[in-house]
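Structure at a glance
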Amino acid sequence: MNIKIWNFDSMTCIKTLSGHEHTVSCVEFSNDGNFLFSASRDKTIKYWEISSGNCKRTITGHEEWVRCVTLNDKGNLLASCGDDEAILIWQPETGNQLNDLRGEHDNKIEKVLFIRNPKSKENIISSDYLSSFASKLVSNNDQDNKEGNEKSEEEKINEQFQAKAQFLKEKNKLLNKDFLLAAARDKKITMWDVIGGVCVKVFHGHDNWVRDLAEHPNGKYFVSCSDDKTIRIWDLKTGNSAKKINEAHERFVVCISMSPKCKLLASGSNNLDIKIWDCN
């Protein structure tokens, strides 16, 4: 029920954070490293100040065990998930709930992960599964041409410029959107437009509980692991499984971590093994 802060130089515990009333299942540092968020089986999220070790706020809203918390790249959104099959979106510092994402999963949600890499967002925006603003604009312009009189060549060129400008404007809006991945025991991975509250893609493929997710640093893929003993690499552009590592471990693959600098992936299993994978 405690959280310990460690100094990596001396390998000593410099602070213990106490306050949760049950198992602590996840911790997440703020982007500046001065604060910490924790999720617990006591159904709460706590917001800690590292320097003092004090709990600044207890965030409530989940009805069951909170399994995971994650921050977006700007640090202004916090997502949480748990056994109540809900994904809740919070304003981190105030603890105000901004959205409630549910309906796609019908079992406990193990993991949520914000897409933080700008290249990943660009691949999502131009993906086969996300609606293309360019095609919508072309469709709308074609409809206008049918309904109106025949337009001059100059008017057509002006409309094309306007359509392109509108597309770039909408694309910039999309780049500022936040996308969230969720992994659950119903064998599914979902992707959400966080503020819009819309599930934009469901990734099917695993044959058992999906335990963990990791974003690939090149922006083209994300990685998942499962109790089906596999690790899957998913293509963000197509939404398809690009690679599957069968029998990655002898038993359940319960966690993964991707190195942001080296092309290496670590995976852990409840058969007591940790494996390091070459992602080239």
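Report on the accompanying structure. On a predicted model such as this, the values are computed, not experimentally measured, just so you know.

So, about the sheet that holds strand β11 (residues 109-114). A sheet is described by the order of its strands in space; here four strands give the open sequence β11-β12-β13-β14, paired in antiparallel fashion. Only two strands of the sheet have a single neighbouring strand rather than two, namely β11 and β14 (198-203). For this sheet, the mean inter-axis angle between neighbouring strands, taken without regard to orientation, is 20°. When strand β13 (residues 189-193) meets β14, the two strands line up antiparallel, connected through five bridges. Looking at β14, one finds that isoleucine 189 is bridged to phenylalanine 203.

This part takes up the packing of aromatic side chains. For the structure on display, the rule yields six aromatic pairs. With a centroid separation of 6.2 Å and 80° between ring planes, the pair formed by tyrosine 129 and phenylalanine 203 is classed as edge-to-face. Here tyrosine 129, found in the loop between α1 (118-125) and α2 (133-147), pairs with phenylalanine 203, found in strand β14; they are 74 residues apart in sequence, far enough to count as distant. The pair tyrosine 129 / phenylalanine 203 is uniform in exposure class, with both members buried. Seen in terms of ring centroids, phenylalanine 222 and tryptophan 234 are 6.1 Å apart; in terms of plane orientation they differ by 15°. Their pairing is stacked. Residue phenylalanine 222 is found in strand β16 (residues 221-226), and its partner tryptophan 234 is found in strand β17 (residues 231-235); the two are separated by twelve residues along the sequence. Note on phenylalanine 222: relative accessible area 0%, which makes it buried. Aromatic rings pair up to connect Tyr129, Phe203, Phe222 and Trp234 into one cluster. Between arginine 67 and the ring centre of tryptophan 65, over which it is positioned, the NZ or CZ distance is 3.8 Å.

Right, let's talk about the sheet that holds strand β15 (residues 210-215) for a bit. Within the open sheet, the four strands sit side by side as β15-β16-β17-β18. Their pairing is antiparallel. The sheet is open, and its two borders are formed by β15 and β18 (241-245), each paired with just one other strand. When strand polarity is set aside, the average angle formed by the axes of neighbouring strands in this sheet is 20°. The pairing of β15 with β16 spans five bridges and is antiparallel. Its bridge partner lying in β16, alanine 214 is registered against valine 223.

For the rest of this paragraph, the subject is a nonpolar patch on the surface. Residues Trp6, Phe8 and Met11 make up a contiguous nonpolar surface patch of about 440 Å² in total accessible area. The partly exposed category is assigned to tryptophan 6, whose relative accessible area is 48%.

This next bit is on the nonpolar core. If you look at the biggest cluster of nonpolar residues, it comprises 28 residues, and the most contacted ones within it are Ile45, Val69, Leu78, Ile87, Ile89, Val112 and Leu180. Put simply, the parts of the chain that give this core at least two residues each are β4 (35-40), β5 (44-49), β7 (66-71), β8 (78-82), β9 (87-90), β11 and β12 (179-184). Aside from chain neighbours lying at most four places away, what touches isoleucine 45 is Ser38, Arg57, Thr58, Ile59, His62, Val66, Val69, Leu78, Ser80 and Trp90. Judged by nonpolar contacts, the second largest core, of 17 residues, contains Tyr129, Leu130, Ile189 and Val200.

How each quantity is defined
- Residues numbered from 1 in each chain as written.
- Predicted model: local features only at pLDDT ≥ 70, side-chain atom pairs only at ≥ 80, totals over all residues.
- Heavy atoms only, no water.
- Pairing = 2+ DSSP bridges.
- Helix = DSSP H or I, 4+ residues; strand = E, 2+ residues; numbered from the N terminus.
- Axes fitted to C-alpha atoms, helices over the stretch in contact; angles between N-to-C directions.
- Phe/Tyr/Trp six-rings, centres within 6.5 Å; stacked < 30°, edge-to-face > 60°.
- Buried < 20%, exposed > 50% of the residue type's maximum accessible area, 1.4 Å probe, protein only.
- Lys NZ or Arg CZ within 6 Å of the ring centre and 35° of its normal.
- Patch = residues over 30% accessible without salt bridge, like charges linked within 9 Å, V, L, I, M, F, W, Y side chains within 5 Å.
- Areas by Shrake-Rupley, 256 points an atom, 1.4 Å probe, with all protein chains shown as cover.
- Salt bridge = Lys/Arg side-chain N within 4 Å of Asp/Glu carboxyl O.
- Core = buried A, V, L, I, M, F, W, Y, C linked by side-chain atoms within 4.5 Å.
- Contact = heavy atoms within 4.5 Å.

Taken by themselves, the reported measurements are silent on function.
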